[in-house]
Amino acid sequence: MNWIYINEMSKYVGQTVTLKGWVANRRESKGIAFVNLRDGSGFCQCVIAEDKVSETFDLSKSMSLESSVSISGEVLKDEKQLGGYELQASSFEIIDVAEDYPITPKEHGVDFLLERRHLWLRSKRQWAIMKVRNATIYAIHNFFQQKDFSLMDSPIFTGSAAEGTTDLFKTDYFGQEAYLAQTGQLYGEAMAMAQGKIYTFGPTFRAEKSKTRRHLTEFWMVEPEMAFYDLDMDMDLIEEMLRAVVNEVIDRCKTELEILGRDIEALKSVNQKFPRISYDEAVEMLTGKKEVNGVNAIQMLGNDLKTTQEEIIKVNAEIEEREAIVNDNVSKKGIKNFNRNRVAQLKAQVKELEEDARNIPQWIKSAENFEHGSDLGGSDETVLTRLFGCPIMVYNWPRKIKAFYMKRVEGNFDYVKGVDVLAPEGYGEIVGGSERETDLEFLIEQIQEENLNQEDYEWYLDLRRFGSVPHAGFGLGLERLITWICKLKHIREASPFPRTSQRLKP
Ligand code: 4AD
Ligand code: MG
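Note that the structure is predicted; figures quoted are calculated from it, not measured. (Residues numbered from 1 in each chain as written. Chains lettered and ligands numbered in written order. Predicted model: local features only at pLDDT ≥ 70, side-chain atom pairs only at ≥ 80, totals over all residues. Heavy atoms only, no water.)

Before going further, it helps to examine helix α10 (residues 333-368). Given a rise of 1.5 Å per residue, 36 residues ought to cover 52 Å, and the 52 Å separating the end C-alpha atoms of α10 matches this to within 8%. At Asn-359, α10 shows its maximal kink, close to 25 degrees; a proline, Pro-361, follows between one and four residues later. For α10, the complete set of buried residues consists of Lys-336, Asn-339, Val-343, Leu-346, Val-350, Leu-353, Ala-357, Ile-360, Ile-364 and Ala-367. Elements in contact with the buried residues of α10: α8 (279-286), α9 (297-327) and α11 (378-386). (Helix = DSSP H or I, 4+ residues; strand = E, 2+ residues; numbered from the N terminus. Expected span 1.5 Å × (residues − 1). Bend = angle between axes of the 7 residues up to and from the residue. Buried < 20%, exposed > 50% of the residue type's maximum accessible area, 1.4 Å probe, protein only. Contact = heavy atoms within 4.5 Å.)

Next comes the structure, spelled out in structure tokens:
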């Protein structure tokens, strides 16, 4: 037996090999069964013809969905197949016949699927997303390791807050209050003073009650921290990293991105120079006081609303036409089925368009009434990136809405040297970073202002007492990046077992 993986088939054309995997799909017609096998490395059509297999052909009928099997046969090239190859079976063995599998090719609601996440992970789309996740993690390590950054594992139990106290998960630590880490940054700063350039890459926790498409309660964050870096150098590094990581993923995950139907061109926008816009400018753009390449944000949204409404009318007309075919007395069964499926797709599309049509007026309102000094909301970020079509960096933020450790802007102490990177196509913030404050007195003031216990931060303040240097860093939300790369509707699909305020199991 020459056991190989599906993604190695190109090396074995014309040879007899064995594939081991699970039945992802199966259909049969007179004396021939087509089994779509998946083995973790990919998907492959296996053709089991009655006159070519040594086993009793009837046995193949018990290959129910998700049964585990081993199939041997000849590797044939077939351009029509995803992956490019198929297996002409000469023998097979059923390892375990699966019971009735709950997830079928028909549409399921997302709650149904999330409750079966342990099985849902096997489906083609979820498989592709998890491969992209793997490639993204690898590319991130690759980038930092090649630049000689040291990986640092920061603690998960922490004794102090770093990103505000409202979304902390509290735990009982032998009678002491401890929190799950919101960030590894403060520890990263300490390590940067020992190692120069470091990055942490681990799970972080936020007790976010909000039910948005962008928030998990447990997510992975990459946090580099660099001694002797200022905000400009920080922004240069963010840009270089996103460009390298996204390009590497595009390169490594062609099949996966094809399965996801991802438009690669939109991802390649990372190769443009990221516009750097100050918070003040961003507010002017958002409120329509400043145009971007001749486009006014408020007018753009008005146009978006108009096109969305026109599109709804168009799609509804097509639904009507196709439903007529489904219900007529003349069309063939195949044609009816095709149209029935199309109607289901179109109805889903209308639902999305209607959601947009409901949302856009609120976005306009939010943009028009945006108050200088407040934080950008999800829709504000969407509007801003819509104006550019590539990732943008918003820097120099009002001090009041940012974390206590950010360095003040020289000559304008109401602002801090923070930066947010917003991803295009409506995705919004994927990176948050800053140059760090070095002034000991000011940091102490900030800690007091935020009602934090200074004693808990003495170790952090020591970094300013013993050889303080300018330094900067940032945090990239892994799942936020994957959500954009895969163009997912909701961040929960970017995590193997997502944790949200709504879900802890499985
Ligand atoms: O902007 P944030 O809160 O920044 C920090 O935590 C800093 N300590 C980072 C640093 O400078 N070292 O979070 C950073 C990123 C966000 O841009 C976002 O991508 C992600 O973490 N993030 C979340 N992702 C998923 N769910 C949540 N609830 C998230 N909160 C933040
Ligand atoms: Mg942030």
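Picking up where we left off.
Right, let's get into the layout of surface pockets. The space that makes up the second largest pocket amounts to roughly 1200 Å³. As for the second largest pocket, its lining consists of 46 residues, and the residues nearest its centre are Glu-163, Arg-206, Glu-208, Asp-375 and Glu-429. Within the residue set of the lining of the second largest pocket, elements represented by two or more residues are β11 (218-227), α11, β16 (428-435), β17 (471-477) and α14 (478-485). Take the lining of the second largest pocket: its biggest share by element is 7 residues, from β16. Here the residues of the lining of the second largest pocket sort into 16 nonpolar, 15 polar and 15 charged. (1 Å grid on protein atoms, 1.4 Å probe; cavity = no way out; pocket = protein on both sides within 12 Å on 5 of 7 lines; lining within 4 Å. Points joined across faces, edges and corners; volume = space filled by probe spheres on them. Nonpolar A, V, L, I, M, F, W, Y, C, P; charged D, E, K, R; others polar.)

Turning our eyes to something else, we now look at the domain arrangement of the protein chain. Taken domain by domain, the protein chain comprises domain 1 (6-96) and domain 2 (105-274 + 467-506). Relative to domain 2, the C-alpha centre of domain 1 lies at a distance of 37 Å. Interface of domain 1 and domain 2: buried area, both sides summed, is about 720 Å²; carbon and sulfur atoms make up 65% of it. When residues of domain 1 are sorted by the area they lose upon contact with domain 2, Gly-40, Phe-43 and Leu-82 head the list and together hold 58% of the total. Where domain 1 meets domain 2, there are 1 salt bridge. With a shortest N-O distance of 3.0 Å, Glu-66 and Arg-122 are connected by a salt bridge. Taken together, domain 1 and domain 2 are joined by 3 residue pairs in polar contact (both at pLDDT 80 or more). Split into classes, the residues belonging to the side of domain 1 that touches domain 2 amount to 4 nonpolar, 3 polar and 2 charged. (Domains from an automatic or database assignment. Buried area = accessible area lost by both parts, 1.4 Å probe. Salt bridge = Lys/Arg side-chain N within 4 Å of Asp/Glu carboxyl O. Polar contact = N/O pair within 3.5 Å; in protein donor to acceptor, adjacent residues only side chain to side chain.)

Let us look at the environment of Gly-14. Inspection of the secondary structure assignment puts Gly-14 in the segment before β1 (16-29). The sequence separation of Gly-14 and Leu-76 amounts to 62 residues, and the corresponding C-alpha distance is 6.2 Å. Sequence-distant contacts of Gly-14, defined by excluding residues within four places in its chain, comprise Glu-74 and Val-75.

Let's shift gears to the sheet that holds strand β3 (residues 43-49). Sheet strands line up and pair through hydrogen bonds in the backbone, either parallel or antiparallel. Strand order in this closed barrel of 5 strands is β1-β2-β3-β5-β4, and the pairing throughout is mixed. Sheet twist, expressed as the average angle between the axes of neighbouring strands with direction ignored, equals 50 degrees. Pairing between β1 and strand β2 (residues 32-38): 7 bridges, direction antiparallel. Looking across to β2, one finds that Trp-22 is bridged to Arg-38. (Pairing = 2+ DSSP bridges. Axes fitted to C-alpha atoms, helices over the stretch in contact; angles between N-to-C directions.)

Before going further, it helps to examine the sheet that holds strand β9 (residues 176-180). Pairing within the open sheet is antiparallel, and its 3 strands lie in the order β7-β9-β8. Both outer strands of the open sheet, β7 (157-158) and β8 (170-173), are each paired with one neighbouring strand and no more. For β7 and β9, the ladder comprises 2 bridges, and the chain directions are antiparallel. Of the residues in β9, the one forming a bridge with Phe-157 is Leu-180.

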